[in-house]
Amino acid sequence: MLTAEDVAVFRGEKLVFSGFSFTVPSGGALVLSGPNGSGKSTLLRTLAGLIRPAAGRLLWDGADALADVAGHGRRVAYLGHQDAVKPGLTVAENLRFAATVSRRPIATALSAVGLQELSDLPARMLSAGQKRRLALSRLLLSAAPLWLLDEPTLGLDTGSVERFGGLLATHRAAGGIVVAATHVPLPLPDAAALRLS
Amino acid sequence: MRVFWAVLSRDLRLSLRHGADTLATLLFFVVTASLFPLAIGPAPDTLGRIAPGIVWVCALLATLLPLERLFGADLEDGSLDLLLLSGLPAFGIAAAKAASHWLVTGVPLLLAAAPVAVMLRMPENGIPALLLGLLLGSVLLSLFGTAGASIVLGARRGAVLLPLLVLPLVTPVLIFGAAAADAAAGGLSPRPHLLLLAAMLAAALPLCPLAAGAGLRAAVE
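Below: a short report on this structure. (Residues numbered from 1 in each chain as written. Chains lettered and ligands numbered in written order. Predicted model: local features only at pLDDT ≥ 70, side-chain atom pairs only at ≥ 80, totals over all residues.)

1. Focus on the interface of chain B and chain A
It is common to report an interface's size as the accessible area lost on association of the parts. Facing the 21 residues of chain B at the interface are 23 residues of chain A. Residue assignment for the side of chain B that touches chain A shows that the elements contributing at least two residues are α1 (2–17) and α5 (79–84) of chain B. Sort the elements by how many residues they give to the side of chain B that touches chain A and α1(B) lands first, with 7 residues. Looking at side-chain class alone, the side of chain B that touches chain A contains 9 nonpolar, 5 polar and 7 charged residues. (Contact = placed C-beta atoms within 7 Å. Helix = DSSP H or I, 4+ residues; strand = E, 2+ residues; numbered from the N terminus. Nonpolar A, V, L, I, M, F, W, Y, C, P; charged D, E, K, R; others polar.)

Right under this line is the structure:
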């Protein structure tokens with residue numbers, strides 16, 4: 001269970017948001033929406049522990065999540081704006097780091113996003129949508145219960161979005177939590193919605 | 001610990017793929033060192049006298065070359081976020097990065113240093129001390145360089161800022177490293193200089209990764 005209590009975040013001198021509170025139970029999902037620059041990405045990075053909140057607390061199962069920032073990282077699978085794909089490595093090699101950390105097989109993760117046939121191709125040959133799918137497959141290699149997704153379906157075709165909906169459902173059925181920032185509808189049934197302004 | 005090796009092997013694999021960068025650093029070292037005989041003249045006495053200094057200064061400058069990309073590429077493509085979320089504390093990430101910088105830059109320089117020293121007519125009895133000093137010194141350069149690279153990370157004109165920040169920090173390394181080789185070439189014991197280098201290494205080994213880790217955390221904020 002993820003709880004935010006009165007969270008406030010500054011970026012430089014500017015207050016991005018303050019007094020933010022919500023709870024997402026195990027198996028739950030939260031969809032963040034709001035105009036550009038409203039702080040969706042900042043909130044996701046705060047939940048990941050990459051940005052320290054200026055005030056308020058972040059709780060994981062009732063205990064302070066950010067007391068051990070590195071340990072909190074193990075609970076988090078983060079998909080940012082960028083795909084973190086190295087063009088010089090092959091598709092499979094791009095996943096090797098994530099696979100070593102979690103000891104999960106690369107092949108299963110690749111076939112779940114439909115990239116298994118491209119696994120030996122240099123990642124620079126991939127299209128934007130394929131790179132996004134490669135980044136999505138990292139979520140499956142992680143054992144983390146908390147998925148933080150920044151525009152996860154950006155550049156995906158409708159088939160891939162459907163398949164991604166299946167992955168989200170599996171993760172939630174296993175007790176995982178999804179927090180996603182998006183402008184387009186996501187395949188996340190009965191997700192709580194939070195609008196930032 | 002598994003994550004530490006994962007970061008290290010990931011970086012080594014990336015360096016292997018971009019082998020030209022590694023080679024460029026090595027060639028930079030050899031080419032700049034070979035400029036000195038052209039500029040000063042090939043007289044063995046003069047050249048041999050200043051050879052330890054030349055090798056050290058060129059090695060110092062060569063280790064600066066790959067520093068800007070050490071974290072820069074990972075910051076730009078978002079990999080740095082994932083590294084910091086891997087469960088390894090930020091100083092562990094920084095230590096792995098420093099180790100990869102040393103393996104990819106320091107070790108090749110160490111291997112090339114002896115032939116370059118011979119080319120510069122350095123007295124043979126100074127070469128073991130030069131290499132021993134460089135062995136300690138190159139680790140120090142990688143550690144200080146990693147700390148510097150993480151601090152300028154995300155700054156505008158970081159590539160210009162980086163040498164200005166790192167070079168003053170590593171002057172003690174240069175002084176005692178070159179002095180060790182100089183002493184040995186002149187028939188004196190290089191031991192005190194090498195011990196001072198080792199002492200610096202003992203202090204930098206825990207402190208530089210800590211500083212670099214804090215720099216990384218600040219850079220992704």
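Following the structure, the description resumes.
2. Looking at helix α5 (residues 128–141) of chain A
Residue and element names in this part refer to chain A. End to end, α5 covers 21 Å across 14 residues, agreeing with the expected 20 Å (1.5 Å per residue, within 8%). Counted residue by residue, α5 has 12 buried out of 14 residues, so it is predominantly covered. Those residues of α5 that sit buried are Q130, K131, R132, R133, L134, A135, L136, S137, R138, L139, L140 and L141. Structurally, α5 contributes buried residues whose contacts are with β6 (76–79), α3 (91–102), α4 (106–112), β7 (146–150) and α6 (158–173). (Expected span 1.5 Å × (residues − 1). Buried ≥ 20, exposed ≤ 12 C-beta atoms within 10 Å, placed from the backbone.)

3. Focus: the pairing of strand β1 (residues 2–11) of chain A
Walk down a regular strand and you will see the side chains alternate between the two sheet faces. All names here are of chain A. One ladder, built from 7 bridges, connects β1 with strand β2 (residues 14–24); its direction is antiparallel. Looking across to β2, one finds that A4 is bridged to F22. In textbook terms, the turn of a hairpin is the stretch between consecutive antiparallel strands, and for β1 and β2 this stretch comprises 2 residues, one of which, G12, has a positive phi near 65°. Bridge analysis of β1 against strand β4 (residues 55–60) gives 5 bridges, and the strand direction is antiparallel. Looking at β4, one finds that A4 is bridged to L58. (Pairing = 2+ DSSP bridges.)

4. Here's the deal with the environment of B:G19
Residues and elements named next belong to chain B. Along the chain, the position of G19 falls in helix α2 (residues 19–40). Note on G19: 10 C-beta atoms within 10 Å, which makes it exposed. A sequence separation of 74 residues divides G19 from I93, and the C-alpha atoms of the two residues are 22 Å apart.

5. Observations concerning the sheet that holds strand β8 (residues 177–181) of chain A
Residue and element names in this part refer to chain A. One open sheet holds the 5 strands; their spatial order is β6-β7-β8-β3-β9, and the pairing between them is parallel. Among the strands making up the open sheet, the edge pair consists of β6 and β9 (192–195). Neighbour-to-neighbour, the strand axes of this sheet turn through a mean angle of 15°, independent of strand direction. Where strand β3 (residues 29–33) lies against β9, 4 bridges are found, and the strand directions are parallel. Across the sheet, L32 pairs through a bridge with L194, a residue of β9. (Axes fitted to C-alpha atoms, helices over the stretch in contact; angles between N-to-C directions.)

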